[in-house]
Amino acid sequence: MADILQNVMDHAVAVARKAGEVVREALSDDRKVMTKSSAVDLVTQTDQKVEKLIIQSVKEKFPQHRFIGEESVAAGEPSILTDDPTWIIDPIDGTTNFVHAFPFVAISIGFTINKRVEVGVVYSCLEDKMFTARRGGGAFCNGEPLQVSDQTDVHRSIIATEFGSNRDPEVVDKIFSSLRNILSLPVHGVRGAGTAAVNLSLVASGCVEAYYEMGMHVWDIAAGSLLVLEAGGIVMDVDGGDADLMSRRILAANNRSVALRLVEQIAPYRPDRDDVKKISGKWW
Ligand SMILES: O=P(O)(O)O[C@H]1[C@H](O)[C@@H](O)[C@H](O)[C@@H](O)[C@@H]1O
Ligand SMILES: [Mg+2]
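Residues numbered from 1 in each chain as written. Chains lettered and ligands numbered in written order. Predicted model: local features only at pLDDT ≥ 70, side-chain atom pairs only at ≥ 80, totals over all residues.

## Details of the pairing of strand β2 (residues 86–93)
Next, step 1: Burial analysis of β2 places eight of its eight residues in the buried class, which makes it a mostly covered element.
Next, step 2: Note that strand β1 (residues 66–69) and β2 share four bridges and pair parallel. Paired with F67 across the strands is W87, a residue of β2.
Next, step 3: Here β2 pairs with strand β3 (residues 106–113) via six bridges, running antiparallel. Among the inter-strand pairings, D93 is bridged to a residue of β3, identified as A106. (Buried ≥ 20, exposed ≤ 12 C-beta atoms within 10 Å, placed from the backbone. Helix = DSSP H or I, 4+ residues; strand = E, 2+ residues; numbered from the N terminus. Pairing = 2+ DSSP bridges.)

## Here's the deal with the domain arrangement of the protein chain
Next, step 1: On domain assignment, one finds that the protein chain holds domain 1 (2–145) and domain 2 (154–263).
Next, step 2: Computed from C-alpha atoms alone, the centre-to-centre distance between domain 1 and domain 2 is 20 Å.
Next, step 3: The interface of domain 1 with domain 2 comprises 33 residues on the first partner and 25 residues on the second.
Next, step 4: Elements supplying a minimum of two residues to the side of domain 1 that touches domain 2: β1, β2, α4 (95–100), β3, β4 (116–124), β5 (129–134) and β6 (139–141).
Next, step 5: In terms of residue class, the side of domain 1 that touches domain 2 is built from 17 nonpolar, 11 polar and five charged. (Domains from an automatic or database assignment. Contact = placed C-beta atoms within 7 Å. Nonpolar A, V, L, I, M, F, W, Y, C, P; charged D, E, K, R; others polar.)

## Re the nonpolar core
Next, step 1: Of all hydrophobic cores here, the largest spans 78 residues; its most connected members are V203, A210 and L227.
Next, step 2: The biggest single contributor to this core is helix α7 (residues 218–230), with nine residues.
Next, step 3: Two domains each provide a minimum of three residues to this core, namely domain 1 (2–145) and domain 2 (154–263).
Next, step 4: Dropping the residues within four chain positions of it, V203 is found in contact with V148, V208, A210, Y211, V228, G233, A252, A253 and N254. (Core = buried A, V, L, I, M, F, W, Y, C linked by C-beta atoms within 7 Å.)

If you want it as structure tokens, here you go:
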């Protein structure tokens with residue numbers, strides 16, 4: 001088992017690095033948006049190209065493994081997490097950043113067995129930072145160990161979050177209600193890198209105390225959530241319950257006391273789960 005996980009880690013790092021090269025090259029000449037002009041959840045050809053590259057390369061080495069990838073799911077593949085070894089891939093986390101050349105873009109690769117993340121790799125490719133974690137083995141950035149912040153006072157904290165891509169007025173109201181509550185606690189600041197994977201790596205690195213969001217997907221958070229746990233932090237639901245990878249809700253923090261102060265301030269809502277989709281009139 002340990003050997004398999006080491007092989008998975010090595011392969012994930014190698015393929016994330018290769019993917020990062022493709023993203024960096026595309027930054028100067030291939031950022032055209034494929035989505036219709038009014039859409040805010042953007043997709044580019046580079047997202048699709050990079051996901052293909054990652055999946056092909058993993059399939060050659062691990063033919064029995066399953067995949068959940070952002071672009072494959074968009075193309076109709078199921079997004080069901082089973083007990084089988086599964087690679088959970090976001091080829092470009094921060095596609096909107098990529099399109100605008102806003103400099104935080106990550107390749108996120110999580111690997112689960114029995115529905116639990118065992119390996120997490122987040123490559124913040126414009127910063128050239130390779131974040132890695134193995135369950136029980138610590139979290140690292142470019143080989144240096146990571147540790148969450150030791151701040152216990154939420155008033156001395158920076159909290160990361162995102163506005164997401166849902167423009168439903170009720171959802172937008174909830175987002176602003178949470179923000180107003182948290183800002184007026186008060187806290188030192190609120191930030192957002194534009195990518196869940198990078199926000200989670202910022203928690204793991206001790207640069208922000210917490211990150212919360214509702215509406216992102218499993219491929220945005222699978223790898224990063226292990227980084228936070230392995231750097232000594234915690235991951236839970238935004239209502240303080242157990243974390244659920246497929247729920248599209250996350251609160252990751254340096255410690256329980258900061259997390260629970262945030263739970264009191266967050267106005268929760270429930271996006272449709274990642275593993276419940278209506279296709280041709282049928283739920284699966
Ligand atoms: O779509 P990508 O860029 O893979 O993922 C991002 C979502 O689009 C955005 O809505 C969300 O706020 C962000 O956290 C996520 O990483
Ligand atoms: Mg993403």
